[in-house]
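# Understanding the architecture of this molecule
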Amino acid sequence: MARITASAFTSHVPAIGAAMDLGKTQEPYWSPVFDGYQYSRQWFSENKPDVVFLVFNDHATAFSLDLIPTFAIGTGAHYKPADEGWGRRPVPAIEGHPELAAHIAQSVIQSDFDLTIVNKMDVDHGLTVPLSLICGPVDADGSWPCPVIPFAVNVVQYPVPSGRRCFELGRAIRRAIDSFEEPLNVQIWGTGGMSHQLQGPRAGLINREWDQAFLDQLINEPEALADKPHIDYVREAGSEGIELVMWLVARGAMSDVNGGKAPEVKHRFYHVPASNTAVGHLILEEKL
Amino acid sequence: MTNSKPYLDVPGTTVFDADQARNGYHLNQFCMSLMQSDNRERFLADERAYLDEWAMSEEQKQAVIDRDFNRCIALGGNIYFLAKIGATDGHSFQQIAGSMTGMTEDAYRDMMVNGGRSIEGNRFENEQSKNKKDKD
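The notes below deal with the structure included here.

Rules behind the numbers
Residues numbered from 1 in each chain as written. Chains lettered and ligands numbered in written order. Predicted model: local features only at pLDDT ≥ 70, side-chain atom pairs only at ≥ 80, totals over all residues. Heavy atoms only, no water. Helix = DSSP H or I, 4+ residues; strand = E, 2+ residues; numbered from the N terminus. Contact = heavy atoms within 4.5 Å. Axes fitted to C-alpha atoms, helices over the stretch in contact; angles between N-to-C directions. Parallel < 35°, antiparallel > 145°, perpendicular 65-115°, else oblique. Left-handed = near helix turned anticlockwise from the far one by under 90°. Nonpolar A, V, L, I, M, F, W, Y, C, P; charged D, E, K, R; others polar. Buried < 20%, exposed > 50% of the residue type's maximum accessible area, 1.4 Å probe, protein only.

A word on the side chain of asparagine 28 of chain B. Inspection of the secondary structure puts asparagine 28 of chain B in helix 2 (residues 25–33). Once you skip the residues sitting within four places of it in the chain, asparagine 28 of chain B turns out to touch Leu65 of chain A together with Phe16, Gly76, Gly77, Asn78 and Phe81 of chain B.

What follows is the structure, encoded as structure tokens:
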């Protein structure tokens, strides 16, 4: 049977992708960010999964105001990196895993989560930057190390799903993966955040203490963290800090909140700033 | 019954809720059109003519021409959509965000390098007016 072996959490700032694409990673501004992912790239190469289930949000790229799915699962065979207005990132297309994705869609919808099924979409920095950060640089004519199932959460137009809803969705995704017959090693990643605000006179807001407390609670008290109301994210972590609810999807899929053992914290990193944003990163590995 | 909007007292912040999205629908969809390079070129060649193809209010069109992103947000724009105007101008997300704060580009970048805008005094609107009074 398939199983989840680890979860990873990371911010997905577009400027991080641009820094890699333009060869700026060794510049003094950027090197502290990339130093924080050196361990992760090594860890990933030594623990390469068969599939990454990647929870991210679309930033008005694939989904305009014509159609706004709260939860959308990619069941397609491949996805192109999007032109978000600055041109396409020079990274390869993403291979999907249609069989596992279809199985998860079937199982999770039958668990009362109303997923939108997507066979064709371009994926923006929300998906490609976490891949670049954790897998390392890949040439546009190369290929990513493994297939990816994109899972988009609406955090752009309110109301966005609650932390509790995201957490319970993670549990349903775990049950779905556990019941897939092929013995696949699956990682689940939650992306976005941490504190940042990109709009209005309060733009540039960063809240280190809140972010660190969020990381602590995500590790140790995820069940309580799931009940944090939206207004706390917006007020304390900035209007775009709401992206952090997506981390709860990945956390809800871990063993310890589904009757098993606590995960091991393999890596924890925090840095301010990347452009307008606080960068947070965690790797949690399941214990057998 | 009225929907709850507990976020209205967060200073300098507009939450993009269903009412904002309703008001900003055409403005935001115009922004989406700038994801295609030929549309970006056409827009830059004659902004007014391009905007007139959209069912936007005159205020929205003027706010776009003025690159007044705070005004665009007040009129229903969302930052992820509006960023496509900034991208069309060749600006980074940091330049776009900074332009809404009243700070110079350098001052905003320095603030971020030094840890960003503090949360202290920035949680509630009434804190801000109190701070202002204290300063006065």
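There's more to say after this.
All names here are of chain A. Where helix 1 (residues 14–21) contacts helix 5 (residues 125–135), the two axes come as close as 9 Å, and the packing angle between them is 55°. When the axis of helix 1 is compared with that of helix 5, the two are oblique. Every pair of crossing elements has a handedness; the one defined by helix 1 and helix 5 is left-handed. From helix 1, Pro14, Ile16, Gly17 and Met20 reach across to helix 5, where they touch His125, Val129, Ser132 and Leu133. Looking at the contact of helix 1 with helix 5, its residues break down into five nonpolar, three polar and no charged.

What follows deals with unusual backbone geometry. All names here are of chain A. At the junction of tyrosine 158 and proline 159, the peptide bond is cis and its omega measures out at -5° in the coordinates. Here proline 159 is to be found in the loop between strand 7 (148–153) and helix 6 (163–178). In this model, glycine 193 is joined to methionine 194 through a cis peptide bond whose omega is -5°. As for its placement among the helices and strands, methionine 194 is situated in the loop between strand 8 (185–191) and helix 7 (208–220). Backbone geometry places aspartate 112, a non-glycine residue, at a positive phi of 75°. Relative to the assigned elements, aspartate 112 resides in the loop between helix 4 (98–110) and strand 6 (116–118). The class for aspartate 112 is exposed, based on a relative accessible area of 60%.

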